[in-house]
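What follows is each chain in one-letter form.
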Amino acid sequence: MSDAQIPETPLFDRKGSIDGYRINKMAMALGDPANREAFKADEEAFLDRYKLTPEQKDAVMSRDWNRMVAMGGNLFFILKIAAVDPTPITAIGAAQAGLDHADFLKQRLGKE
Amino acid sequence: MAKIIGGVGTSHVPSIGAALDKGISDNPDWKPFFDGYIPGKEWMAEKKPDIAVVIFNDHGNTFFLDRVPTFAVGVADHYDPVDEGYGRRSIPSFEGATDLSWHFVDKLVENHFDPLVCREIEVDHGLQVPMELFFGRPENWPVKVLPIWVNTIQYPIPTPQRCWEMGKVLREAIESFPGDERVVIMGTGGLSHQLQGSRAGFINREADEDWLNNIANNYEKFRNMSREDYVEQFGSEGAELIMWLVMRAAMDDKVDLKMKHYHAPASMTGAGMVVLENL
Ligand SMILES: [Fe+2]
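Residue indices begin from 1 for each chain and proceed along its sequence in written order. Throughout, the order in which chains and ligands are written sets their labels, letters from A for the former and numbers from 1 for the latter. Local features in this predicted model are restricted to residues of pLDDT 70 or higher, and side-chain atom pairs are both shown and tallied only at a pLDDT of 80 or more, whereas totals for entire chains, interfaces and linings draw on every residue. Excluding hydrogens and water, the side-chain values take into account all heavy atoms of the structure.

By the naming in an unreviewed UniProt entry, chain A is Protocatechuate 4,5-dioxygenase alpha chain, taken from Pseudooceanicola marinus.

Draft legend 1. Seen up close, the side chain of Arg 89 of chain B. Helix numbers and strand numbers start at the N terminus; a helix is a DSSP run of H or I with at least 4 residues, a strand a run of E with at least 2. With respect to the helices, strands and loops of the structure, Arg 89 of chain B is situated in the loop between β4 (78–79) and β5 (94–95). In what follows, residue pairs with any heavy atoms lying within 4.5 Å of each other are defined as contacts. Not counting the four nearest positions on each side in its chain, Arg 89 of chain B is found in contact with Gly 17, Asp 21, Pro 81, Gln 128, Glu 132 and Arg 137 of chain B.

Draft legend 2. Region of interest: the coordination of the iron ion. All names here are of chain B. The donor set comprises N, O and S atoms within 2.8 Å of the metal, extended to 3.2 Å for Na, K and Ca; water molecules are omitted, so apparent gaps in a site may simply reflect that omission. With distances of 2.0 to 2.8 Å, the protein atoms coordinating the iron ion are His 12 (NE2), His 59 (NE2), Glu 240 (OE) and Glu 240 (OE). For four-coordinate sites, all angles between 85 and 135 degrees define a tetrahedron; for four- and six-coordinate sites, opposite donors beyond 155 degrees with the remaining angles between 65 and 115 define square planar and octahedral shapes respectively, and all other cases count as irregular. Classification of the site at the iron ion rests on its four donor atoms, whose angles at the metal span 51 to 156 degrees, yielding the label irregular. Motif for the iron ion, donor spacing along one chain: H-x46-H-x180-E. Here His 59, found in the loop between β2 (51–56) and β3 (71–74), pairs with Glu 240, found in the loop between α9 (227–234) and α10 (242–250); they are 181 residues apart in sequence, far enough to count as distant. The cut-offs for exposure are 20% and 50% of the maximum accessible area for each residue type, with area from a 1.4 Å probe on protein chains only; residues under the lower value are buried, those over the upper are exposed, and the others partly exposed. On the accessibility criterion, Glu 240 (5% relative accessible area) is buried.

Draft legend 3. Here's a closer look at the layout of surface pockets. Grid spacing is 1 Å over the protein atoms alone, the probe is 1.4 Å, and a cavity is where that probe fits but cannot get out, while a pocket is an open set with protein on both sides within 12 Å along at least five of seven lines and lining residues have an atom within 4 Å of a point. Grid points are joined across faces, edges and corners, and a volume is the space filled by probe spheres set on the points. By volume, the largest pocket amounts to about 1200 Å³. Lining the largest pocket we find 43 residues, and of these Ile 89 of chain A together with Pro 14, Ser 15, Ala 18 and Tyr 86 of chain B sit closest to its centre. Listed by contribution, the elements that provide at least two residues to the lining of the largest pocket are α7 (75–84) and α8 (89–97) of chain A together with α1 (14–22), α5 (125–135) and β9 (255–266) of chain B. Looking at the lining of the largest pocket element by element, the count peaks at seven residues for α1 of chain B.

Draft legend 4. Representation of the interface of chain A and chain B in the model. Taken together, the contact pairs 37 residues of chain A with 36 residues of chain B. Simply put, the buried area is the total loss of 1.4 Å probe accessible area from both parts when two parts are fitted together. Summed over both partners, the interface of chain A with chain B buries about 3400 Å², with 62% contributed by carbon and sulfur atoms. Salt bridge, as used here, is a side-chain nitrogen of Lys or Arg placed within 4 Å of a carboxyl oxygen of Asp or Glu. Counting across the chain A and chain B interface gives two salt bridges. Across the pair Asp 83 of chain B and Arg 36 of chain A runs a salt bridge, and its minimum N-O distance is 2.9 Å. Polar contacts, as counted here, are pairs of nitrogen or oxygen atoms within 3.5 Å of one another; within protein the pair requires one atom able to donate a hydrogen and one able to accept it, and residues that are adjacent in sequence qualify only if both atoms are side-chain atoms. Applying the counting criterion to the chain A and chain B interface returns 17 residue pairs in polar contact (both at pLDDT 80 or more).

Here it is as C-alpha cells:
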C-alpha cells in the first residue's frame, strides 16, 4: 500500500517521507519554545538551518499549505507552523480543498 | 489475575483538549459533544479501574520520521504531556503501570510481536484527550496508564488484522498478570476525518454511525476490511479507527454495548464513543 489509490487522498508514504523530510524536521522542531522564538524572530534563517530548498522555503513563508503537503509536508508536523501563526486547521483544510474558508465550513463540515 | 472491567472506544481530537483549556466546553458548538460523555464519565467513576490501557497514535509530537515504530509500548514510571506547539498543557503527568507494561511486553514477544519498548517518553493528545473525556480534570489521575502507540502516520501502517491479533495478546497479558488490578482498555482515534488532500474535510456520518452500532456485536466486517477500505470509508486520518480493534479483540466475542455517543463535526472530525462490557 504505497501509491494513492483513493481519489483526492494522498497517503504519507515513502515518497512523501523522503521528499518532505526537511520541511517536517523543521516543523517538528517548533515543538520546542526556543525554536518557536527563533522562527518568529527570523523565519528565513530558521528555515536555512534545516536546509530547505528555495521552493520549500517559499511554500512555508507564503503559508501555501497545499504546496507544503504536495512537497511531502505531513499535516501533523506542519500544524506546528500553524500553531505559531496561529492558523486554524479548517483554513488549512479549505486551502487543500480549493475552497474559501466559509464555503469549506459549510460544504464539507455542514456548518453555517 | 487482573480483570478487564470494560472496553472503551473514543475519539481523541486535539481540539477537545483545547476546548477544555479555553473553558468553552459549554458553548453551543461543543456542549452536545461533551454532554454525550457524561454517562461515560459516570460509568468510569462507578467501575473504579486501577489501570487504563490506552491504544493511540502519536501525531508527529513524540516520534519523528527518523524512527517510526509500527507498535510501541510504554514501560515508564510516568509520562508527561508533550508540547505540541502551543506550550505544555497544564494537566497532571500520567503514572505508568510499569509491572503490567513489562508483562505485556513479555507476552507480545512470546507471541511473535516485536514492539519498541519505551522507558522515557512523553504523550500527546492521543492519550491525554481520552483520559480527560472519561476521568475529567482531577488533580491526579485515578488510574495508572499503559500506553500502546500504533503508527498511523507513515505508510505502511499496520493492518487491521494485526491490530486485532495484538488485542488478543493484550487480553492474555491482563488475564495472566498476577494481581487483582481492575483494567479498562481504551481504543482511541477517529471517527471519520481527512486533513490532507483535496478531499480534506471529508466526514462520513453514515459510516461512523454504522461503526458505532456494530463494533460491539457485528464487528466481523470491520475486522476483515483492508487499510484501503478504512481510508476510503473513514478518510485518510479516520483510518485511526483500526486502533479500536485492539480494544475490541481484547473483549469477549459477545459484549454488552452499555452506551454510545456521536457528534459531528468536532473541529473537522466525526467524534464519539462506545462503552462495552463483557457479559
Ligand atoms: Fe489522532
